[in-house]
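Listed here are the chains, written in short residue letters.
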Amino acid sequence: MALNSKIPAGPLDSKWKNYKATCKLVNPANKRSLEVIVVGTGLAGASAAASLGEMGYKVKAFCFQDSPRRAHSIAAQGGINAAKNYQNDGDSTYRLFYDTIKGGDYRAREGNVHRLAEVSANIIDQCVAQGVPFAREYGGLLSNRSFGGTQVQRTFYAAGQTGQQLLIGAYQGLERQVAAGTVQMYSRHEMLEVVTIDGKARGIIARNLVTGELERHFGHAVLLCTGGYGNVFYLSTNAMGSNVTAAWKAHRKGAFFGNPCFTQIHPTCIPVTGDHQSKLTLMSESLRNDGRIWVPKAKGDNRKPTDIPEEERDYYLERRYPAFGNLVPRDVASRAAKERCDAGYGVGSSKMAVYLDFASAIERYGKVESNKQGKPNASKAEIIAMGKDVVKEKYGNLFDMYAKITGENPYEVPMRIYPAVHYTMGGLWVDYELMTTVPGLYALGEANFSDHGANRLGASALMQGLADGYFVIPYTIGNYLADDIRTKSIPTDHPAFVAAEKEVSERINRLMNIKGKQSVESFHKRLGKIMWDKCGMGRNEKGLKEAIEEIKALRKEFYADVRIPGEIIGFNPELDKAGRVADFLELGELMCIDALHRNESCGGHFREEYQEEDGEARRQDDKYMYVASWEFKGDSQYELHKESLDYEVVHPSTRSYK
Amino acid sequence: MQHYTMNLTLKVWRQKNSKSQGAFETFQVKDISSEMSFLEMIDVLNEQLVSEGKEPIAFDHDCREGICGMCSMYINGRAHGPWHETTTCQLHMREYKNGDTIVIEPWRASAFPVIKDLAVDRTAFDRIIAAGGYISVNTGNAVDANCLPVEKQQADDAFAAATCIGCGACVAACPNASAMLFVSAKVSHLALLPQGEPERKKRVVNMISQMDTEGFGSCTNIGACEAECPKGISLENIARLNREYIGSMLSGSATGV
């Protein structure tokens, strides 16, 4: 099957305009009889469900949490990018497009990324109109800050809770449609199968997580807005419930999986403290605006950080990347931290951490503040106190969170940080219209692979989720549904629904009947360790080959010895988790297969065999300038389809932040 | 910071479903590290239960970084436990010492029926938001964001109210199981912004009416909600809610919704 990305013809900056001007429309009367299923209620799902409801479609929205407001978009901290150029610092749609393409190490589609940059400004307008309380300046206008991989200030934010505020905005829009009757909400429901009829997606099988009952739901189209799969690593910054199940079921039903190995390891997370660790907590990238990252110059230096004098500290990012300094992209910053720790310069009891230090920012802000307040002769202690207040206003909630978790005061001693799994650039392959290889089945937001290439820039996930939901799918779904206006709702006693439900029911019974000895959690932990050690920040051929065998063996053991207490009927979180881990055990293998086949380093994918002498990633554009799109052919069998990436405007070069 | 391990006695509320009678069950957990989060300690207990072939304790949790609002334990008589402005998931075991007994209950309110053990149904909050906790703006209707300046203090106050995570600790802490702090946070967030102005009067009336329909109690100005709120939502919001409500009722424009 040849992949058709359906990128519109014409110059880059008119592709989306032309598409919008020529795509098919559905008239209001017909919209009322067209049903759309939206799975997941994060930024992509909530914004899509609300927008489609407003347009008049009959929407059913599903989430596994107890309320749509809890989707993990809520945890995004730092901000959302938009090419508004409110700071008059030379920003433009093209620059945002270019930064994103370059940040993704030239492994994303030009057409998609340009569209993303184009609609970015509309997102901010929409959110402000909804009442999202972004940070403002004293003049009443919106404030901006910087994020990694850019040299302009284009990030809009609401303290360290930007994701929360944007999601609540979309959630309120969604609840408004629930009240209007255009959206029916199903919380505590998990999608466990896609139903296809005549090759088209026509519904889902969902499990009511409270009663344990299986339900059949019809839709003319199905939208998966189910987020990323970072939890395949067990430890990640994802929420405990974040999972790949919906996307994986779609994959097994014919949706190709794009670039599964492209994983983002975020450089600034609170380090692991022990085997009991259940998740990792991010410290927002926005902290790198003011925090300076360093390790001691001497190996194994056990002095307290505050006792180490300035000249004995190695600010390694500033040393290696003077142009971007502490604001290099995430993949670069993460690898640099790993390099220092592996070389024996790490800090803290585990020695797997580096410092993120605010002392100089506190002093700098304190001096500015003392001048503002007309106290040029303030003492050092007064200056530090004023500086701490400024830093508190900018990052207070993050500092509090750090203090609660570690028991240390980051205003006094530097934070200890280490990279952790945070985001997955890979996902279901979609065309320009966000449709997967299954007609009528769409993937939005982090669940698709489309816009971030091999590395995502900070503050771009929120942008993409909302772009897809508010501004892309409302157009592209019409182009598909316009041809479906004569299709009546298909009753769910159709054999395809019956068969799909039977499949799901058999899978659940199989899991419950294993009655082994080991907990679901223990399998998940073991899978995570394999993935982190062998398919994490550094990957090599030998390790990946071993990982594939180890995962296969672990999967076999899982199906022979997992123990799931409780019953199928009723509320049983262990059973929910077992289904998710079963899918991770398949996905993990595909990720390793993908990482093994890609004999190059690019973005977050670092193959140790492919690096320059100074440790920078070496791409192989002549061989791997393509999207690796995998088709499921049966257990452990995947066929590779390549979608070549043709750069018409940008000229891929070696990415340099020096 | 000095780390240590501890053995604890846990008295946990067990309830099969919303219709059955619940009771406390006592468990012992050993070698709990002071570096663990409270929920990681519960994870240890649950692994122990699974290995003994028993059903683990059902509880709600998701982000484990204090922002999703899903975790909801009533610990030794306090919503989210003893730490100020902290969710259950951010409470850490260095709070406890060897030999302590910890009593863990679900949120108790008739508007939040127990689903199982410590998990409760909070969909009443969603229905209150659906009754008016939004600004009616369809996608695509917005003007340029900077066309509408908002005074910084006003914006900051709106933000402070908007940080509510909808966890329900305010209801659990209140002897009347009132949802006033939750409702007031949303009403304040939107009433403080110029965007919220057109629907300001009918919003407050509709949300209060839905709150009553759901069976939440009345506010008698006790202030437990503010004291236990993990996000520090202020009682000032309830005062504002009352002003908004009275203003709306007196102006007579609340009807005709």
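Residues numbered from 1 in each chain as written. Chains lettered and ligands numbered in written order. Predicted model: local features only at pLDDT ≥ 70, side-chain atom pairs only at ≥ 80, totals over all residues. Heavy atoms only, no water.

Take the pattern of salt bridges next. Across all of its chains, the model carries 82 salt bridges over all chains by this definition. Salt-bridge contacts for A:Lys279 lead to B:Glu65; the nearest nitrogen and oxygen are separated by 2.5 Å. With A:Lys279 in the loop between strand 11 (263-269) and strand 12 (292-296) and B:Glu65 in the loop between helix 1 (38-51) and strand 3 (74-75), this pair bridges two chains. A relative accessible area of 6% places B:Glu65 in the buried class. With its nearest N and O atoms 2.9 Å apart, the salt bridge here joins A:Lys577 to A:Glu521. Of this pair, A:Lys577 sits in helix 16 (residues 573-597) while A:Glu521 sits in helix 14 (residues 520-535), and the two are 56 residues apart along the sequence. Classification of A:Lys577 by relative accessible area gives partly exposed; the value is 25%. A relative accessible area of 10% places A:Glu521 in the buried class. Through salt bridges that share partners, A:Asp105, A:Arg107, A:Asp331, A:Arg335, A:Arg598, A:Glu600, A:Arg619, A:Asp621 and A:Arg655 make up one connected network. (Salt bridge = Lys/Arg side-chain N within 4 Å of Asp/Glu carboxyl O. Helix = DSSP H or I, 4+ residues; strand = E, 2+ residues; numbered from the N terminus. Buried < 20%, exposed > 50% of the residue type's maximum accessible area, 1.4 Å probe, protein only.)

On to the interface of chain A and chain B. Interfaces are often sized by the amount of accessible area the parts lose when they come together. Contacts between the two partners involve 75 residues from chain A and, on the opposite side, 76 residues from chain B. Buried surface at the junction of chain A and chain B, summed over both partners, amounts to about 6000 Å²; 53% is from carbon and sulfur atoms. Among the ionic pairs, B:Arg122 bridges to A:Asp66, the shortest N-O distance being 3.1 Å. Tallying contributions element by element places helix 6 (residues 162-180) of chain A first for the side of chain A that touches chain B, with 8 residues. Here the side of chain A that touches chain B is built from residues that sort into 29 nonpolar, 28 polar and 18 charged. (Contact = heavy atoms within 4.5 Å. Buried area = accessible area lost by both parts, 1.4 Å probe. Nonpolar A, V, L, I, M, F, W, Y, C, P; charged D, E, K, R; others polar.)

We now examine the side chain of A:Arg145. All names here are of chain A. Positionally, Arg145 belongs in the loop between helix 5 (110-130) and strand 4 (155-156). Of the buried charged residues, Arg145 lacks a salt bridge, with Asp290 as the closest side chain of opposite charge at 7.4 Å. For Arg145, the contacting residues outside a window of four places in its chain are Gly78, Gln153, Arg154, Thr155, Tyr157, Ala159, Ser286, Asn289, Lys394 and Tyr395. (Lys, Arg positive; Asp, Glu negative; His and termini not counted.)

Attention now goes to the environment of A:Gly230. Residue and element names in this part refer to chain A. Within the secondary structure, Gly230 sits in the loop between strand 9 (221-224) and helix 7 (245-252). Given the relative accessible area of 1%, Gly230 is considered buried. Once residues within four sequence positions are removed from consideration, Gly230 is found in contact with Ser236, Asn238, Val421 and Thr424.

Time to look at the sheet that holds strand 5 (residues 101-105) of chain B. Residue and element names in this part refer to chain B. The 5 strands are arranged 2-1-5-3-4 in an open sheet whose pairing can be described as mixed. The two strands at the open ends of the sheet, each matched to only one other strand, are strand 2 (23-33) and strand 4 (78-79). Where strand 3 lies against strand 4, 2 bridges are found, and the strand directions are antiparallel. The residue of strand 4 that forms the bridge with Ile75 is Arg78. (Pairing = 2+ DSSP bridges.)

Turning to the pairing of strand 7 (residues 200-208) of chain A, a few remarks are in order. Residues and elements named next belong to chain A. By the criterion of burial, strand 7 is predominantly enclosed, with 8 of the 9 residues buried. Relative to strand 7, strand 6 (residues 189-197) runs antiparallel, the two being bridged by 8 bridges. Across the sheet, residue Glu193 finds its bridge partner in strand 7, namely Ile205. Counting the residues between successive antiparallel strands, the hairpin from strand 6 to strand 7 contains 2 residues, one of them, Asp198, with a positive phi of roughly 50 degrees. Where strand 7 meets strand 8 (residues 214-218), 5 bridges bridge the pair, whose relative direction is antiparallel.

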